[in-house]
Amino acid sequence: HRGLPLSQGRVVGDRVECGYHGLVFDSRGACVKVPGQDRIPPGARVRHYEVVEQDHLLWIWMGDEGRADPARIPRHPWHDDPAWEWVKDRYPIAANYQLITDNLMDLTHVGYVHGRTIGGTPQAHSGAQTTVKETEQGVRVERWMLDSIPPPTYTAACKFNTERVDRWMEIDFFAPSTVRIHTGAVDAGSGAQEGRRDGGFAFMGLNTMTPETESSTHYFWSGANKRQPGAPSGRDRLRASLEVTFGEDKGVVEAQQKSLDRQPEPLVMIASDAGMVRARRLVQAMLEAQA
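Before going into details, it helps to say that this report is about the structure given with it. (Residues numbered from 1 in each chain as written. Predicted model: local features only at pLDDT ≥ 70, side-chain atom pairs only at ≥ 80, totals over all residues. Heavy atoms only, no water.)

**Focus: the nonpolar core**
One broad trend across soluble globular proteins is that nonpolar side chains are buried collectively. The biggest cluster of nonpolar side chains holds 39 residues, and the ones touching the most others in it are Met105, Phe173, Val179 and Tyr219. At five residues, helix H1 (residues 97-105) tops the list of elements feeding residues into this core. In this structure, Met105 is in contact with Val139, Val141, Ile171, Phe173, Val179, Gly275 and Met276, ignoring residues within four places of it in sequence. (Core = buried A, V, L, I, M, F, W, Y, C linked by side-chain atoms within 4.5 Å. Buried < 20%, exposed > 50% of the residue type's maximum accessible area, 1.4 Å probe, protein only. Helix = DSSP H or I, 4+ residues; strand = E, 2+ residues; numbered from the N terminus. Contact = heavy atoms within 4.5 Å.)

**With respect to the environment of Trp168**
Checked against the element boundaries, Trp168 lands in strand E10 (residues 165-174). Spatially, the C-alpha atoms of Trp168 and Gln129 are 9.5 Å apart, while their sequence positions differ by 39 residues. If sequence neighbours within four positions are ignored, Trp168 has contacts with Arg143, Trp144, His182, Thr183, Gly184, Ala185, Val186, Ala192, Arg197 and Phe201.

**Section: a nonpolar patch on the surface**
Judged by side-chain polarity, Tyr49, Val51, Leu58, Ile60 and Met62 come together as a nonpolar surface patch covering roughly 500 Å² of accessible area. Of note, Val51 is situated in strand E5 (residues 50-54). (Patch = residues over 30% accessible without salt bridge, like charges linked within 9 Å, V, L, I, M, F, W, Y side chains within 5 Å. Areas by Shrake-Rupley, 256 points an atom, 1.4 Å probe, with all protein chains shown as cover. Salt bridge = Lys/Arg side-chain N within 4 Å of Asp/Glu carboxyl O.)

**Details of the environment of Gln54**
Position of Gln54 among the secondary structure elements: in strand E5. Gln54 sits 25 residues away from His79 along the chain, and the two C-alpha atoms are 9.8 Å apart. Aside from chain neighbours lying at most four places away, what touches Gln54 is Trp59, Ile73, Pro74 and Arg75.

**Overview of the pattern of salt bridges**
Summed over the entire model, instances satisfying the criterion amount to 16 salt bridges. Across the salt bridge formed by Asp89 and Arg239, the nearest N and O atoms sit 3.5 Å from each other. Of the two residues, Asp89 is situated in strand E7 (residues 84-93) and Arg239 in helix H5 (residues 235-262); the sequence distance between them amounts to 150 residues. By relative accessible area, which is 31% here, Asp89 ends up partly exposed. A salt bridge links Arg164 to Asp147, with the shortest nitrogen-to-oxygen separation between them at 3.3 Å. One end of the pair, Arg164, is in the loop between helix H4 (152-157) and E10; the other, Asp147, is in strand E9 (residues 138-148), with 17 residues separating them in the sequence.

The values reported here are purely geometric and, on their own, carry no functional implication.
The following block contains the structure:
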């Protein structure tokens, strides 16, 4: 009632107690206790937000309560699948959230930006068999690099029987700002395109961006590797690899933001931008509908 943020109070059971005068608020934002008096002023309320806990993630809806639709939250069951082990983190990124989405939707950059980790040869990425299609909630990009050289992180995590592999990248964009990427590889010619993907390397990445300002973003991510039978935990190696990989992407998008701040000119589009362009169109349509 005197303007002190409730974040400076404390949680008591399933309620929040103000750290200034002890007023207590329930989960719907209503004051339920005023120390020293029985009457609770009708205006003693704080705004509350709809929250869903799902797949080891907390999703908060900051808009009108009546428009919250939990069915539109992307599911990520790999966080509960014992066949996968995963790590997670949040990075502050000094760039607009859509630049991060752009980066994730166009993986032709991998051969150039991530040569130390997940890269492989740039030519394999540029020449990948690629399809782009819209889905019920966004866009899907599928990329195949057949008979290609496996990158360092793949050979460190998995022993292949052949020198070359068939490699896939399946990218699902969920509007407005979540991207799931399933990548992996098996021995070349062993039937990966027909669905035979056992015995190789597989990675499942979840990336979801919460805008902070026009030029800064909270970037939440998790990365999961398929467990190798009988092998020790690879979580430490996975985290170390992802920190390098995401650090490389962070440097790219932050440099883009600085450049675009100086000169926000229209950017040239090339063929590999197809998935990113469709994702941006969907977000723009959502913004226009909201306005």
